[in-house]
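Structural overview
The residues making up each chain are set out below.
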Amino acid sequence: MPAAKKMTPMMQQYFEVKRGLPKGTILLFRLGDFYEMFYEDAEIASRVCGLTLTKRQDYPMAGIPHHATDNYVPKMLAAGHKVAICDQAEPAKPGKLVKRALTRILSPGTTLAADQLDESRNHYLCALIRDKRGLHAAWLDLSTGEFQLATDPHVQNLLPVLTALEPAELLLIEGDFNSWRDAPHDDPDAHALRDFCADRLITELPGYHFETASGARTVRDALEVLNLEGFGLDEKHPGLGPAGALVYYSTENLCAKPENLRALQEYRSARTLLIDPATLRNLEIFQSSRGTRSGSLLSAINRSTTAAGARLLERWLSAPELDLAEIRRRSNTVGELLGAPMLLGELRETLAHVRDIPRILGRLQNRLRNPRELGGVRDTLGQIPEIHRLLAEFAGSLASGYPDRIDALPTLCDLLQRALADDMPNDIAEGRAIRNGFDPELDRIRSLTRDNKTWLSSLESDERTRTGIKSLKVKYTGNFGYYIEVTKSNLHLIPENYIRRQTTVNSERFVTDELKQKEKEILHAEDNALLRERELFGELITTVLDDSIALSKSAEALAELDVLAGWAVLAREWDYHQPEIDESDVLEITEGRHPVVEQMLKAPDTAVIRGNQSFVPNDTLLSCTGEQLALITGPNMAGKSTYIRQVALITLLAEVGCWVPASKCRIGLVDRIFSRVGASDDLARGNSTFMVEMNETANILNNATDRSLIILDEIGRGTSTYDGLSIAWAVVEHLHSPAERGPRTLFATHYQELTQLDKHLSRLRNYSVAVKEWNDDIIFVHRIQPGAADRSYGIQVARLAGLPAAVIDRAKSILGKLESDDTSVELSAPQARPRKKITVKATDDSQINLL
């Protein structure tokens, strides 16, 4: 930064704004038609956006046209930078420093512009604090106004929903992340918070912004209420501290109070099916192992036609219901829609024309006002009468419930249809947003403009006749206004009343006194027309926002309809059936299929590779008090992992109200889904593959209840054979336990020794994946059958993987010697430790020994 005495007044103004910004924020400083960046900001923007870096008085600078910010700001945000916008607060006047003001700070968690958001994904800003009472959190989607808080004494009860939210930005108290990162090993909650926060954009704020009392005041002011009792909240709720931090931060970034906050809801983990972060990842619920939405459960079941519907589906998967009545309502509605395919098709076609009302309202309420947004409100309201007509054709909840929740707002609809032009401009400054005939005063001003432009056309024709210059033209530019252009070859024909204004390469530009006078009239009329349009546009926005609550409620119902109609289409496309959901302890699936893998097998690119295979369905029967633990053996690649995952995914689908890929299904409510499936090391945090596996297993054993569903795959494989077998054995015993009931569990393993446990654990059943043998080769049939596998077929799988023949032959030789327990033969490689035969002996009813 240069010394103040050497800075121009404009640069002094720049640094006054810059000093007030959070560290690391890129400042876009409006200079005429450009936003300029200086010093380090210019260098960063040059790298991130590919801008040309120039110099002004020896300091770096870079600029972007003011109308092109939408092309560059998203790149800065995606790179993790915050962006401040400083606009001119008054028209520029010669010789006077223009007043400028900070109008908005954009951050990944507070951006609102449509081109800076993924329309199909929620966009959360989240705040967290942890104290002796537990974990307290709040999250806000500023683009829609969704606002929730939560508190729980157990960190692991809130991390599932927080992970599912995938917040774009986290607010933490200064120093908290470092304390979690450096916490001792005996503080697993701190490590879990560290892992949750890692690789996310973190903004640290002073601790006083998270205080409960000040947070309650801030939230009350934002919601414009005297107290929070109407939201069922006590003013000492610990989540109000983080909620207040969210409102403070949003206010700072918007440079105004957020105007689209209308309610604050409390999230309670006891009301939802909890899915821990490892299981969200292992089951690929929101993104595949490749890190994309494609290949995820969310992608497989999303048939929504609207952006709001896609986001609602994401929220339902983030916090699946435990309310039986709501689950059944959704499921039954899918059935109603599926039962009337013609009406379903018409309904979805109509819903496809519904615009993103929640985000449109969010932008209008927070001063991002685009004429096309009003056009979106008009277009949506225009579809509602047809939606009402279609719903009336159904019976049940579709006809009785939804029409009352979807308000057609006929008065507002009529106003917008009369007021707005068919083709709306992107910016009100372009004009022509208001329909002719709506406002007499605007029509009068526009008539002046039309008459004047007719006069200009006549002038051009008359002057050509008068001068004999056939190429004479009347033109306009922003710099010179209206002028008469004459080519140089015709200059000898110009009359005396032409006044030269400018010389170009091939022509001369002239004006006349009459033309200058008419120019004033035209520009004055255009300015007046635009001014009147702005007034009318503002009045229309006010009228729309007066009905914002009704619009929001209607949008919520329309999004629900969209999701459920999409599920009806999904059920028809893939032969899904309605599950039975109850409070029993049974989990029974007949001919179940993996919802994602089944679709991938039929996908055009996959079908070419795999020969258009069909998915092999399988049955499942589990009960907390009966067949509680299914122990599944069989070779790699046979389908064990796919099978246990599909059971978990079918359970999840049933509990969000979706139909399921099975011919029959009965699910007793599950309170948690846990998985220990697959693992990779986490070297950045000092964790080996085995440590990751043990961390996930510990979380399951410490938090599972007898209403949980657990899927485990290859416990103990990351260490020595005996250590791994011992751990897997102990885990099975712990899950079975002496109690009369336990969590429904699918346990896939290669440890054949564990299959002997069915003789002594009454609720354990052995299953295996069927394999056919042919000439020392194996054929996977992917069928789950009762009974344990008799061998692992590891060498045959190795051959399928392409190991050299010499390696395969040597492996067979070694295996034969190990299986015969012949230790007298020397092995040419490093001495192999023979594997002892392990059997189970029960000395009494409760004790199992290894011999």
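Up top you'll find the structure we're talking about.
Residues numbered from 1 in each chain as written. Predicted model: local features only at pLDDT ≥ 70, side-chain atom pairs only at ≥ 80, totals over all residues. Heavy atoms only, no water.

1. Regarding unusual backbone geometry
Backbone geometry places Glu 224, a non-glycine residue, at a positive phi of 60°. Tracing the chain through its elements places Glu 224 in the loop between helix H7 (212-223) and helix H8 (240-254). For Glu 224, a relative accessible area of 57% translates into the label exposed. The backbone of His 782 shows a phi angle near 60°, a positive value even though the residue is not glycine. Its location among the elements puts His 782 in strand E27 (residues 777-786). Residue His 782 is classed as partly exposed on the basis of its relative accessible area, which comes to 32%. (Helix = DSSP H or I, 4+ residues; strand = E, 2+ residues; numbered from the N terminus. Buried < 20%, exposed > 50% of the residue type's maximum accessible area, 1.4 Å probe, protein only.)

2. With respect to the nonpolar core
Counting residues in each nonpolar core, the largest one holds 117 residues, and the members touching the most others are Ile 285, Leu 317 and Trp 567. Examining the composition of this core, we find that 14 residues originate from one element, helix H21 (residues 548-574), more than from any other. Apart from residues no more than four positions distant in its own chain, Leu 317 is found in contact with Ile 285, Phe 286, Leu 297, Leu 298, Ile 301, Leu 652 and Val 656. Core analysis: the second largest hydrophobic core is formed by 27 residues, Leu 240, Leu 246, Val 247 and Leu 254 among them. (Core = buried A, V, L, I, M, F, W, Y, C linked by side-chain atoms within 4.5 Å. Contact = heavy atoms within 4.5 Å.)

3. Considerations on helix H19 (residues 440-467)
Taking 1.5 Å as the rise per residue, H19 with 28 residues should run 40 Å; its terminal C-alpha atoms sit 40 Å apart, in good agreement. Of all the positions in H19, only Leu 442, Ile 445, Arg 446, Thr 449, Asn 452, Leu 456, Leu 459, Glu 463 and Thr 467 are classed as buried. Tucked into the core, H19 has its buried residues touching strand E14 (473-477), strand E15 (481-487) and helix H20 (513-546). One or two positions beyond H19, positive phi appears at Gly 468, with a value near 80°. (Expected span 1.5 Å × (residues − 1).)

4. Some words on the side chain of Arg 220
On the secondary structure map, Arg 220 appears in helix H7. For Arg 220, a relative accessible area of 18% puts it in the buried group. Within the structure, the side chain of Arg 220 is placed 2.4 Å from the side chain of Glu 235, a separation counted as a polar contact. For Arg 220, the residues in contact, after removing those within four places along its chain, are Val 225, Leu 226, Asn 227, Leu 228 and Glu 235. (Polar contact = N/O pair within 3.5 Å; in protein donor to acceptor, adjacent residues only side chain to side chain.)

5. Quick look at the pattern of salt bridges
Inspection of every chain in the model, using the stated rule, returns 44 salt bridges. Linking Arg 130 and Asp 187 is a salt bridge whose minimum nitrogen-to-oxygen distance equals 3.0 Å. Here the residue Arg 130 occupies a position in strand E7 (residues 125-131), and Asp 187 occupies one in the loop between helix H5 (176-181) and helix H6 (188-197), the gap between them amounting to 57 residues. Given a relative accessible area of 19%, Asp 187 falls into the buried group. (Salt bridge = Lys/Arg side-chain N within 4 Å of Asp/Glu carboxyl O.)

6. Things to note about the sheet that holds strand E3 (residues 54-56)
One open sheet accounts for six strands, arranged E3-E4-E2-E1-E5-E6; its pairing is mixed. Every other strand in the sheet has two partners, leaving E3 and strand E6 (100-106) as the edge strands with one partner each. The average undirected angle you get between the axes of adjacent strands in this sheet is 35°. Note: E3 against strand E4 (residues 59-65), three bridges, orientation antiparallel. Looking at E4, one finds that Lys 55 is bridged to Pro 60. The sheet contacts of helix H1 (residues 9-19) involve strand E1 (25-31), strand E2 (34-38), E3, E4, strand E5 (82-88) and E6, and relative to E1 the element is tilted by about 145°. Here H8 sits on the sheet and contacts E5 and E6; the angle it forms with E6, its principal contact strand, is near 135°. (Pairing = 2+ DSSP bridges. Axes fitted to C-alpha atoms, helices over the stretch in contact; angles between N-to-C directions.)

7. Notes on the sheet that holds strand E12 (residues 265-266)
Within the open sheet, the six strands sit side by side as E11-E10-E7-E8-E9-E12. Their pairing is mixed. Because the sheet does not close on itself, it has two edges, and the strands there are strand E11 (202-205) and E12. Relative to E12, strand E9 (residues 146-152) runs parallel, the two sharing two bridges. Note on E12: the bridge partner recorded for Leu 149 is Glu 266. Here helix H4 (residues 155-165) sits on the sheet in contact with E7, strand E8 (134-141) and E9, set at roughly 20° to E8.

8. Some points on H6
With seven of ten residues buried, H6 lies mostly within the body of the structure. Every buried residue belonging to H6 is among Ala 190, His 191, Ala 192, Leu 193, Arg 194, Phe 196 and Cys 197, and all of these are buried. On its buried face, H6 is in contact with E7, E8, H4, strand E10 (169-173), H5 and E11. Positive backbone phi, at 70°, marks Asp 199, one or two positions downstream of H6.

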